[in-house]
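Tertiary structure, described
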Amino acid sequence: GAGVSQTPSNKVTEKGKYVELRCDPISGHTALYWYRQSLGQGPEFLIYFQGTGAADDSGLPNDRFFAVRPEGSVSTLKIQRTERGDSAVYLCASSLRTSGSRETQYFGPGTRLLVL
Amino acid sequence: AQSVAQPEDQVNVAEGNPLTVKCTYSVSGNPYLFWYVQYPNRGLQFLLKYITGDNLVKGSYGFEAEFNKSQTSFHLKKPSALVSDSALYFCAVRDQYNDMRFGAGTRLTVKP
C-alpha cells in the first residue's frame, strides 16, 4: 500500500480482556516497529522486527504484551489481561532495511486503545 | 543511555515570523537525529533527519534543522511560519547501538 496502515483505528475493551492490534507496513519494508504513545508524551519503543523475527523486544513492559510477524509483513500486537494503564495510542512504523539506524521510519495512524 | 529533551512544551509564533523548536540529545555513539510532526488524530509524519555531512539539513514543508555537535542540539527552524504549521513536533535520536528515543513533544501554535 501507499503507507503504513493500522486496524482498528479505535478499540474499546474491558479490563481483563484480550486485544489484538494489526499493522500492515509499507510494501517492501523489512523492518517493523511498535511504539506506545500515552497522552502528552512522545512515542515509547516497544519492539522491532527484522523480517519475521523480533530483533529487539526490550521495550515490552511485561509478559502480557506479545507481538508476531509470521510472514515478514503484517504484524499483530497482542495484549492479554488488559489493564486500564494500557490505554494509549499504539503506533506502528516500518523502514526499508533491517540494519537501519539511519533509515527513516514511516508511521501509521495508530490504534487508540481504551481499557475501561 | 540515550535521551532527548524538548525544553518547551509550547511555542507560539505569529504567522510570517520565523520559528524555532528546540531539541537537545544525549547518545553513546554517533547520533542520528530526526524530526517528526503529528497532526490531531494522525500518525507521525517524517520531516527531516541528520545522519552525517552538512550540519544544516533541509526537509519537508520548508523546515530545516541545524546539527550542533558541541551543544548536542538539533533545533528545528522555519523562516516564515504558516498557520497550517500548527501541530505537535517530536525530536528523536538513535545511534548504532540503540533504538529510537523520542522527546516529549512541543506544541507549536501559529497565530494569524
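The model shown is predicted, which means the values in this text are computed figures rather than measured ones.

**Re the overall build of chain B**
Across its full length, chain B carries zero helices and 12 strands. Relative to its length of 112 residues, chain B is compact, with a C-alpha radius of gyration of 13 Å against a globular reference of 13 Å. Principal-axis analysis of the C-alpha atoms gives chain B an extent of 45 × 30 × 20 Å. For chain B, the proportion of its 112 residues judged to be buried stands at 48%.

**Quick notes on the state of the cysteines**
Evaluation of the coordinates by the stated rule reveals two disulfides over all chains. In this model C23(A) forms its disulfide with C92(A); the gap between the sulfur atoms is 1.8 Å. Taking the sign of the torsion about the S-S bond as the criterion, the disulfide between C23(A) and C92(A), at about -70 degrees, is left-handed. Here C23(A), found in strand β3 (residues 19-24), pairs with C92(A), found in strand β9 (residues 88-95); they are 69 residues apart in sequence, far enough to count as distant. With a relative accessible area of 0%, C23(A) lands in the buried category. The disulfide partner of C23(B) is C91(B), and the gap between their sulfur atoms is 2.0 Å. As the torsion about the S-S bond is roughly -60 degrees, the C23(B)-C91(B) disulfide counts as left-handed. Residue C23(B) is found in the loop between β3 (19-21) and β4 (24-26), and its partner C91(B) is found in strand β10 (residues 87-94); the two are separated by 68 residues along the sequence.

About the thresholds
- Residues numbered from 1 in each chain as written.
- Chains lettered and ligands numbered in written order.
- Predicted model: local features only at pLDDT ≥ 70, side-chain atom pairs only at ≥ 80, totals over all residues.
- Heavy atoms only, no water.
- Helix = DSSP H or I, 4+ residues; strand = E, 2+ residues; numbered from the N terminus.
- Rg over C-alpha atoms; globule rule 2.2 N^0.38 Å.
- Buried < 20%, exposed > 50% of the residue type's maximum accessible area, 1.4 Å probe, protein only.
- Disulfide = S-S within 2.5 Å.

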